[in-house]
Amino acid sequence: MRDEFFLECKNLNKNFYVNKKIIKAVDGVSFKVKKGKTLGLVGESGCGKSTLARILINLLKFDSGDILFENKSIFLKNKTNFFKNMQLIFQDPYLSLNPTMTIEEIIAEPLKIQKRLKKQDIKLEVEKLLYQVNLPINCRNRFPHEFSGGQRQRIAIARAISTKPTFIILDEPLASLDVTISAQIINLLKKLQKDFNLTYLFISHNLATVKTMSDDIAVMHMGKFVEYASKDDIFFNPKHPFTKKLIESIPRF
C-alpha cells in the first residue's frame, strides 16, 4: 500500500521571460508533505522560494507539472475547495494588515467573505481567535499601528486560522522579528499545528529556524531542490556543497 500524502508536487516548472531570456524560477521541483507535518524550505534570496509559494496559493500559474491534494490531482478534484483550505502568512505583518481597519474587522473579514458564520456569531469567533493567539480580547477595537511587530504577526496568524484551513504557507514569518519574539511565534505555530492538525510549508533563509520548525527540509538553489531529506539527514549528513555551506554559515556560540 502506497503512502498517503496530504500534498504532493510533481515536477513543477515556472519560467519568466526577461529581455528575451528565459529565467527558470522553479525548475522541476517535486516534494511530498504528510498531514500535520512541516516541510521547511530554505535557500538564498532569489532562489525561487516565494515563487513556489505563490504557485501553491494560486497567485501564479505554473507552466508544467502537477499538484496532488490527498493523492488526487487538483485538476481532477474541486480546485476551488483545495485553495479554500489554504492560507498564506506573509513576512511583514505590518504591510499585510490594513491600517484603516480595526483588529476585529481584519480577523472577521475572511469569515464574512466565506459566509461561514452568522453576523451575530462573528464577534464571538474573533474573541476566540484572539485568545488562541494569546492576545487580549479588549484589543479588538484598536488598529495595527498600535501593536508591536510580534503582536501584529499574531493578528495575521489569527486571521489565517479563522477560515479553518488545513494547509498554511509561512513565507519568512519571522524575518522582521527579534530572537525572543521569534521563539514565541514558533511556539505558537507549533501549538496551533498540534491543536488543529495543520500542515505547514515553512519558508526561510535561516536554516537554524527551519530546523526548529520542520520535519523534512528542502534546500533550494537557482530554482531547483538541490537537497531534500529529513532534518536530521540535512544537518548530520548533508550531501550537496550548497547545503554544507548553509550549515557552516549558522552562527555558533
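Read on for a plain summary of the structure. Given the structure is predicted, the values throughout are model-derived calculations rather than measurements.

1. Points about the overall build of the protein
When its secondary structure is counted, the protein shows 9 helices and 10 strands. The C-alpha atoms of the protein give a radius of gyration of 19 Å, which matches the 18 Å a tight globule of 253 residues would have. Based on the C-alpha atoms only, the size of the protein along its principal axes is roughly 55 × 50 × 50 Å. Taken across its 253 residues, the protein has 49% of its residues classed as buried. Taking the contacts inside the protein whose residues are at least 6 apart along the sequence as the reference set, 67% of them involve residues at least 24 apart. For the protein, the exposed area adds up to about 13,500 Å²; of that, 52% sits on carbon and sulfur atoms.

2. Describing the pairing of strand S9 (residues 216-221)
In terms of strand pairing, strand S3 (residues 38-42) meets S9 through 4 bridges, oriented parallel. Across the sheet, the residue bridging to Leu41 is Ala218, located in S9. Pairing of S9 with strand S10 (residues 224-230), which is carried by 6 bridges, proceeds in the antiparallel orientation. When the bridges of S10 are listed, Ala218 appears paired with Tyr228. Linkage of S9 to S10, two consecutive antiparallel strands, is achieved through a turn of 2 residues, within which Met222 is found at a positive phi near 55°.

3. Comments concerning the pairing of strand S1 (residues 7-18)
The two faces of a sheet get side chains in turn, since along a regular strand they alternate between them. Here 10 bridges tie S1 to strand S2 (residues 21-33), and the two strands are oriented antiparallel to one another. Considered in S2, the bridge of Val18 is made with Lys21. Hairpin geometry of S1 and S2 is characterised by an intervening segment of 2 residues between the two adjacent antiparallel strands and by a positive phi of about 50° at Asn19. Here 5 bridges tie S1 to strand S4 (residues 64-69), and the two strands are oriented antiparallel to one another. When the sheet's bridge partners are listed, Leu7 is paired in S4 with Phe69.

Thresholds applied
Residues numbered from 1 in each chain as written. Predicted model: local features only at pLDDT ≥ 70, side-chain atom pairs only at ≥ 80, totals over all residues. Heavy atoms only, no water. Helix = DSSP H or I, 4+ residues; strand = E, 2+ residues; numbered from the N terminus. Rg over C-alpha atoms; globule rule 2.2 N^0.38 Å. Buried < 20%, exposed > 50% of the residue type's maximum accessible area, 1.4 Å probe, protein only. Contact = heavy atoms within 4.5 Å. Areas by Shrake-Rupley, 256 points an atom, 1.4 Å probe, with all protein chains shown as cover. Pairing = 2+ DSSP bridges.

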